Amino acid sequence: MPKRGAVDPGEMREAVTAVREWLDDAERRPARPEMAKAVRLSLRTLEQIAPGNSVEVRVPPFAAVQCVEGPRHTRGTPPNVVETDPRTWLLLATGRLTWAEAVEGGLLTASGSRSDVSQWLPIVRVEG
């Protein structure tokens, strides 16, 4: 399978900025395509800045990426998995929510010794 092209930082910033109101207020939910684009581009950016295959970051229903250097996983459930919902992911990606706050609040699940990807967050800052 060929490697995807690099994410354009400007395009990713635009996609995340387009859902900024939702990040400020959960009731202001954007259209599904806008939400999907913001999640996918920000996850692909994580994949670029933390290359590797030892952690799988899942944001259903939109995307999952493998990142972080370490032992490559090829079959079954990966030993290092992060899973969260789209809004929580984007709050983490923009620095509006910290990793510790998300874990303590039960907003994400992280299993495995390598699953803490907080050193690569935030990915983008958008003004509120």
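Before reading further, recall that the structure is shown in the block above.
Residues numbered from 1 in each chain as written. Predicted model: local features only at pLDDT ≥ 70, side-chain atom pairs only at ≥ 80, totals over all residues. Heavy atoms only, no water.

J.: Please explain the overall build of the protein as it appears in this structure.
T.: Looking only at helices and strands, one finds five helices and four strands in the protein. Projected onto its principal axes, the C-alpha coordinates of the protein cover approximately 40 × 35 × 25 Å. The proportion of buried residues among the 128 residues of the protein is 42%. By element, 48% of the accessible surface of the protein is carried by carbon and sulfur atoms, the whole surface being about 7,200 Å². With 17 positive and 17 negative side-chain charges, the protein shows a separation of 6 Å between the mean positions of the two kinds. (Helix = DSSP H or I, 4+ residues; strand = E, 2+ residues; numbered from the N terminus. Buried < 20%, exposed > 50% of the residue type's maximum accessible area, 1.4 Å probe, protein only. Areas by Shrake-Rupley, 256 points an atom, 1.4 Å probe, with all protein chains shown as cover. Lys, Arg positive; Asp, Glu negative; His and termini not counted. Charge placed at Lys NZ, Arg CZ, Asp CG, Glu CD.)

J.: Teacher, can you tell me more about the environment of Gly 112 here?
T.: With respect to the secondary-structure elements, Gly 112 resides in the segment after strand S4 (108-111). We classify Gly 112 as partly exposed; its relative accessible area is 39%. When the C-alpha positions of Gly 112 and Ser 54 are compared, they lie 9.7 Å apart, and in sequence the two are 58 residues distant. Look past the residues within four positions of Gly 112 in its chain and what remains in contact with it is Pro 79 and Asn 80. (Contact = heavy atoms within 4.5 Å.)

J.: Teacher, can you tell me more about the sheet that holds strand S2 (residues 63-67) here?
T.: Through backbone hydrogen bonds, the strands of a sheet pair up, either in parallel or in antiparallel fashion. Pairing is mixed in the open sheet, where four strands are placed in the order S2-S1-S3-S4. Among the strands making up the open sheet, the edge pair consists of S2 and S4. Shown here is a sheet whose adjacent strand axes are inclined to one another by a mean of 10°, direction ignored. Here strand S1 (residues 55-59) runs beside S2; their pairing, made up of five bridges, is antiparallel. Opposite Glu 56, over in S2, you have Gln 66 as the bridge partner. (Pairing = 2+ DSSP bridges. Axes fitted to C-alpha atoms, helices over the stretch in contact; angles between N-to-C directions.)

J.: For this particular structure, what's the right way to read the pattern of salt bridges?
T.: Between side chains of opposite charge, a pair can form as their charged atoms come close. One pass over the full model with this rule turns up five salt bridges. For Lys 37, the salt bridge identified is with Glu 11, shortest N-O distance 3.8 Å. Separated by 26 residues along the polypeptide, Lys 37 in helix H3 (residues 32-49) and Glu 11 in helix H1 (residues 9-18) bring together distant segments of the chain. With a relative accessible area of 35%, Glu 11 lands in the partly exposed category. (Salt bridge = Lys/Arg side-chain N within 4 Å of Asp/Glu carboxyl O.)

J.: Would you mind showing me how to read the pairing of S1 here?
T.: The side chains of a regular strand alternate between both faces of the sheet. The element S1 is largely enclosed, with a buried count of four among its five residues. Counting the residues in the hairpin turn of S1 and S2 gives three residues. Pairing of S1 with strand S3 (residues 81-84) involves three bridges; the strand directions are parallel. Bridging from a neighbouring strand, Glu 56 pairs with Val 81 of S3.

J.: Explain unusual backbone geometry here, please?
T.: Negative phi values dominate among residues other than glycine, just as trans dominates among peptide bonds. Here the bond from Pro 60 into Pro 61 is cis, since omega is 5°, no more than 30 degrees from zero. Relative to the elements of secondary structure, Pro 61 occurs in the loop between S1 and S2. The step from Leu 121 to Pro 122 runs through a cis peptide bond, and the omega angle for that step is -5°. Along the polypeptide, Pro 122 turns up in the segment after S4. Phi at Val 68 takes a positive value of approximately 70°, unusual for a residue other than glycine. Within the secondary structure layout, Val 68 lies in the loop between S2 and S3.

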